[in-house]
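The primary structure of each chain is shown beneath.
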Amino acid sequence: EPEVTQTPSHQVTQMGQEVILRCVPISNHLYFYWYRQILGQKVEFLVSFYNNEISEKSEIFDDQFSVERPDGSNFTLKIRSTKLEDSAMYFCASSYLMSYSYNEQFFGPGTRLTVL
Amino acid sequence: KQEVTQIPAALSVPEGENLVLNCSFTDSAIYNLQWFRQDPGKGLTSLLLIQSSQREQTSGRLNASLDKSSGRSTLYIAASQPGDSATYLCAGPGSARQLTFGSGTQLTVLP
């Protein structure tokens, strides 16, 4: 069964460093998403992406964040200058969006980002 | 802005019991509602999606209902098993293309 994959599973970085989190969405899906979950808190929406541009973003997704689909399969989230509070599990998701009412999102296993 | 609440935060039941998990949402103009399972330190597994035009959706021992007028959804698990132990999350669209999650119900099924 097709699934969303993410790499790496765990990333440790120093504050101020840039990180790139990578995702391979399900191959025939058209919408891509990033969410994050800080330990012990709710899963929060960051950004959605369609047709090579950002579709929606939350207030969390500030200028330090960017997304890209560099080729036909990968979808990346870049954090330019990491802060301690960026430590979280980052989930990539994808959906086909047959219609607004049928937009089942499928999630990857997550990348745990630890900022020291 | 959509807000999603799940009660209880934790639930412990003996194996074999039927149980209901609750989810409430503030914006009744939702397109759909999705239920997920999350195992500790793992990703989110989609269990069921109920479209706004549906009232129920079934998958195996799981049955989810949606009542837009009351702003509620329930996930019914029949004949619970220890392998069902996990955190169950519900999520409704904050808009067409983003999900707003509840904080989850941590379920423990005791053998």
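This text follows the structure it describes.
Residues numbered from 1 in each chain as written. Chains lettered and ligands numbered in written order. Predicted model: local features only at pLDDT ≥ 70, side-chain atom pairs only at ≥ 80, totals over all residues. Heavy atoms only, no water.

A.B. asks: Quick one: what's the story with the interface of chain A and chain B, residue by residue and with numbers?
C.D. replies: Counting from both sides, the interface comprises 22 residues of chain A and, opposite them, 23 residues of chain B. When the two sides are added together, the surface that chain A and chain B hide from each other amounts to roughly 2,000 Å², 51% of it contributed by carbon and sulfur. Linking chain A to chain B there are 0 salt bridges. Along the contact surface separating chain A from chain B lie 6 residue pairs in polar contact (both at pLDDT 80 or more). Those elements giving two or more residues to the side of chain A that touches chain B turn out to be β4 (31–37), β5 (43–50), β6 (53–57) and β9 (88–95) of chain A. (Contact = heavy atoms within 4.5 Å. Buried area = accessible area lost by both parts, 1.4 Å probe. Salt bridge = Lys/Arg side-chain N within 4 Å of Asp/Glu carboxyl O. Polar contact = N/O pair within 3.5 Å; in protein donor to acceptor, adjacent residues only side chain to side chain. Helix = DSSP H or I, 4+ residues; strand = E, 2+ residues; numbered from the N terminus.)

A.B. asks: Describe the state of the cysteines, with residues and values.
C.D. replies: Residues and elements named next belong to chain B. Applying the stated criterion across every chain, the model contains 2 disulfides over all chains. The partner cysteine of C23 in its disulfide is C90, sulfur to sulfur 2.0 Å. In this structure the cystine formed by C23 and C90 twists about its S-S bond by roughly 80 degrees; its chirality is therefore right-handed. Here C23, found in strand β3 (residues 19–25), pairs with C90, found in strand β9 (residues 86–95); they are 67 residues apart in sequence, far enough to count as distant. Neither residue differs from the other here; C23 and C90 are each classed as buried. (Disulfide = S-S within 2.5 Å. Buried < 20%, exposed > 50% of the residue type's maximum accessible area, 1.4 Å probe, protein only.)

A.B. asks: Please give an account of the sheet that holds β3(B) that cites residues and values.
C.D. replies: Residue and element names in this part refer to chain B. Read from one edge to the other, the open sheet built from 5 strands follows the order β1-β3-β8-β7-β6, with strand pairing classed as antiparallel. The open sheet has two edge strands with one neighbour each: β1 (4–7) and β6 (56–59). The sheet shows a mean angle of 15 degrees between the axes of neighbouring strands, taken without regard to direction. The sheet contact formed by β6 and strand β7 (residues 62–67) spans 4 bridges and is antiparallel. Directly across from T58, in β7, lies its bridge partner N63. (Pairing = 2+ DSSP bridges. Axes fitted to C-alpha atoms, helices over the stretch in contact; angles between N-to-C directions.)

A.B. asks: Describe the nonpolar core, listing the residues and the values that go with them.
C.D. replies: One finds A:W34, A:L46, A:F61, A:V67, A:F75, A:L77 and A:Y90 to be the most contacted residues of the largest nonpolar core, which totals 22 residues. Those elements that provide at least two residues to this core are β3 (19–24), β4, β5, β7 (65–68), β8 (75–79), β9 and β11 (111–115) of chain A. Apart from residues lying up to four places away in sequence, A:L46 is in contact with A:W34, A:Y35, A:R36, A:E56, A:K57, A:S58, A:I60, A:F61, A:L77 and A:Y90. Membership of the second largest hydrophobic core comes to 21 residues, among which are B:I30, B:I50, B:L62 and B:L75. (Core = buried A, V, L, I, M, F, W, Y, C linked by side-chain atoms within 4.5 Å.)

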